[in-house]
Amino acid sequence: SHIEPIEFVKYEKGESWGVHDDFQFMDTWKPAGPRVLSLSLTLSADENLQGGALGFPDLDWTFVKPERGDAIIWPNVLNDDPRRKGNNAMASEGLPVLEGTKISANVWIRLHNYREAHEQGCT
């Protein structure tokens, strides 16, 4: 009930997603609250895939290479006040695919019931 609809994405040569933070302060006042967790699941990665890693610039540029079936989950909020404070250290970036194709599923988990808020038009 706290999970947003799954987003499926396909990245081909030259495609990427810039540095961003999944915590949005404007969501703190909404009934479902902010995104507290993010999950990225690699569904498909060509054998010849080059690039396309998930990067975390504020974690000494930690890179997670896309491998079929791998998932990574990270917190978007701080434990002391998940309704008001984002975890700025967890900004991420989908680095450019240099060769091949990558298909992923993105999942975001909200602090409160997303489904109910969505049904009421409050998301």
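Right, let's walk through the structure included here.

As a further point, take the overall build of the chain. Tallying secondary structure elements over the chain gives one helix and 10 strands in all. The C-alpha radius of gyration of the chain comes to 15 Å, within 12% of the 14 Å expected for a compact globule of 123 residues. Principal axes of the C-alpha set define a box for the chain whose edges measure 45 × 30 × 20 Å. For the chain, the proportion of its 123 residues judged to be buried stands at 38%. Of the roughly 7,300 Å² of accessible surface on the chain, 52% is carried by carbon and sulfur atoms. Distance between charge centroids for the chain: 4 Å, based on 12 positive and 19 negative side chains.

If you walk through the whole model with that rule in mind, you get seven salt bridges. A salt bridge links K10 to E12; the nearest nitrogen and oxygen atoms lie 3.6 Å apart. Assessed through its relative accessible area of 36%, E12 is described here as partly exposed. Linking K65 and E67 is a salt bridge whose minimum nitrogen-to-oxygen distance equals 3.6 Å. Connected through salt bridges with shared partners, the residues E4, D27, K30, R35 and R110 form a single ionic network.

So, on to the sheet that holds strand β5 (residues 54-56). Pairing in this open sheet of four strands is antiparallel, and the strands run β2-β8-β5-β6 from one edge to the other. Edge positions in the open sheet fall to β2 (17-20) and β6 (62-64), since each of these has one partner strand only. Sheet twist, expressed as the average angle between the axes of neighbouring strands with direction ignored, equals 15°. Here β5 pairs with strand β8 (residues 92-94) via two bridges, running antiparallel. Of the residues in β8, the one forming a bridge with L54 is G94.

Here the focus is the sheet that holds strand β7 (residues 71-75). Strand pairing in a sheet relies on backbone hydrogen bonds, with the paired strands running either antiparallel or parallel. The strand order β1-β10-β3-β7 describes an open sheet built from four strands, whose pairing is antiparallel. Looking at which strands have only one partner, the edges of the open sheet turn out to be β1 (7-12) and β7. Going from strand to strand, the sheet's axes swing by 20° on average, the running direction of each strand aside.

With that out of the way, let us pick up the environment of N48. Within the secondary structure, N48 is located in the loop between β3 (35-45) and β4 (50-51). We classify N48 as partly exposed; its relative accessible area is 44%. Note: C-alpha distance between N48 and G100 (52 residues apart in sequence) is 5.8 Å. With residues near it in sequence (within four places) discarded, N48 still touches E99 and G100.

Procedures and definitions
- Residues numbered from 1 in each chain as written.
- Predicted model: local features only at pLDDT ≥ 70, side-chain atom pairs only at ≥ 80, totals over all residues.
- Heavy atoms only, no water.
- Helix = DSSP H or I, 4+ residues; strand = E, 2+ residues; numbered from the N terminus.
- Rg over C-alpha atoms; globule rule 2.2 N^0.38 Å.
- Buried < 20%, exposed > 50% of the residue type's maximum accessible area, 1.4 Å probe, protein only.
- Areas by Shrake-Rupley, 256 points an atom, 1.4 Å probe, with all protein chains shown as cover.
- Lys, Arg positive; Asp, Glu negative; His and termini not counted.
- Charge placed at Lys NZ, Arg CZ, Asp CG, Glu CD.
- Salt bridge = Lys/Arg side-chain N within 4 Å of Asp/Glu carboxyl O.
- Pairing = 2+ DSSP bridges.
- Axes fitted to C-alpha atoms, helices over the stretch in contact; angles between N-to-C directions.
- Contact = heavy atoms within 4.5 Å.

Shape is all these values report; function is a separate question.
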